[in-house]
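# Structural description and commentary
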Amino acid sequence: MVPEMGYLDEQFNQLEELQDESSPNFVEEVVALFLKDSPRLLSNIEQTIGKYPQDFYRLDSLVHQLKGSGSSIGAVRMKNECSVFKAHCNDRNLEGCRRSLQKMKREHATLKQKLESYFQLLRQVGPREHAVNSRK
Amino acid sequence: MMELKAKGSTSIKALLVEDIEVCRLVLSTILLRLHCEVTLAMNGKEAVDLFLEGKKFDIVLFDKNMPIMTGPEAIVKIRAMGETDVKMVGVSADDHAMEAFMSVGADLFVPKPMRMEALGPIIQEVINKKKNDMV
């Protein structure tokens, strides 16, 4: 999958390279796991932001998990926004964390839509070896 | 704790210590592609417990920040048990992670996300050492 508009980096290509006959749906499985985990983490982050007193330690831990799993699928925009969020945690800047969370949620929604469309298209066109390179 | 086996040769016993499930799936798949026999631990304490149970590994890959016990903390405890031969590899995307791992006795540090090209030569080195030790 060509990294589309900067949403995915070369790590996604690494996942595709790991896919083989023994795990023909590996990429989709990894992405499905990310899409299962990430809404929970975003929800936990949102709940933790709303609590008083603020628990920046827990916020940092939650966004660390989100950053780690996002990086593993090449979700570069989410990874970068997680870094921004962590910096706000470090500065104990709650308003910064709130703004960053909204951005993360938007990035996540867009990424989810693009990935789901990508895998739907893959299922329609079939295995890669049957694809025809129209540029040849 | 979970054990995974690649088809074919499984001569290298690898322990992957990683709390994030997506990362565990990707890294364990890389290790399986490199024909390792993979055991999974969710945090540093689980890794330490495996060594306390007498389990043997050729290579251990540690994430840095994990609940209950971090990677560097686990390395300190495992090395203190006299496990000086097992190759300990720190894996992290954090700044200053390399220093945190190397200062406690890790053999290597590999930044995340880890690529197969980075881990391949490391596994080969472990294979070569194991063959030499058997001679």
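Residues numbered from 1 in each chain as written. Chains lettered and ligands numbered in written order. Predicted model: local features only at pLDDT ≥ 70, side-chain atom pairs only at ≥ 80, totals over all residues. Heavy atoms only, no water.

Under an unreviewed UniProt entry, the name given to chain B is Response regulatory domain-containing protein, and the organism recorded is Aegilops tauschii subsp. strangulata.

By the naming in an unreviewed UniProt entry, chain A goes by Histidine-containing phosphotransfer protein and is assigned to Aegilops tauschii subsp. strangulata.

### Observations concerning the UniProt feature "modified residue: 4-aspartylphosphate" (unreviewed entry) in chain B
Residue and element names in this part refer to chain B. When the UniProt feature table is mapped onto this chain numbering, "modified residue: 4-aspartylphosphate" (unreviewed entry) sits at Asp-63. Along the chain, the position of Asp-63 falls in strand β4 (residues 59-63). The class of Asp-63 is buried, set by a relative accessible area of 3%. Non-local contacts of Asp-63, meaning those with residues more than four positions away in its chain, are made with Val-17, Glu-18, Asp-19, Gly-71, Val-91, Ser-92, Phe-101 and Lys-112. (UniProt positions renumbered as here; feature names shortened; annotations may be inferred. Helix = DSSP H or I, 4+ residues; strand = E, 2+ residues; numbered from the N terminus. Buried < 20%, exposed > 50% of the residue type's maximum accessible area, 1.4 Å probe, protein only. Contact = heavy atoms within 4.5 Å.)

### Here's the deal with the interface of chain A and chain B
With 22 residues of chain A at the contact, the number on the chain B side is 16 residues. Summing both sides of the interface, chain A and chain B together bury roughly 1700 Å²; the carbon and sulfur share of this comes to 61%. A salt bridge links Asp20(A) to Arg33(B), with the shortest nitrogen-to-oxygen separation between them at 3.3 Å. Linking chain A with chain B are four residue pairs in polar contact (both at pLDDT 80 or more), by the criterion used here. If you list the elements that add at least two residues to the side of chain A that touches chain B, you get α1 (10-18), α2 (26-49) and α3 (56-73) of chain A. Sorting elements by how many residues they give to the side of chain A that touches chain B places α3(A) first, with seven residues. Considered class by class, the residues forming the side of chain A that touches chain B number seven nonpolar, 10 polar and five charged. (Buried area = accessible area lost by both parts, 1.4 Å probe. Salt bridge = Lys/Arg side-chain N within 4 Å of Asp/Glu carboxyl O. Polar contact = N/O pair within 3.5 Å; in protein donor to acceptor, adjacent residues only side chain to side chain. Nonpolar A, V, L, I, M, F, W, Y, C, P; charged D, E, K, R; others polar.)

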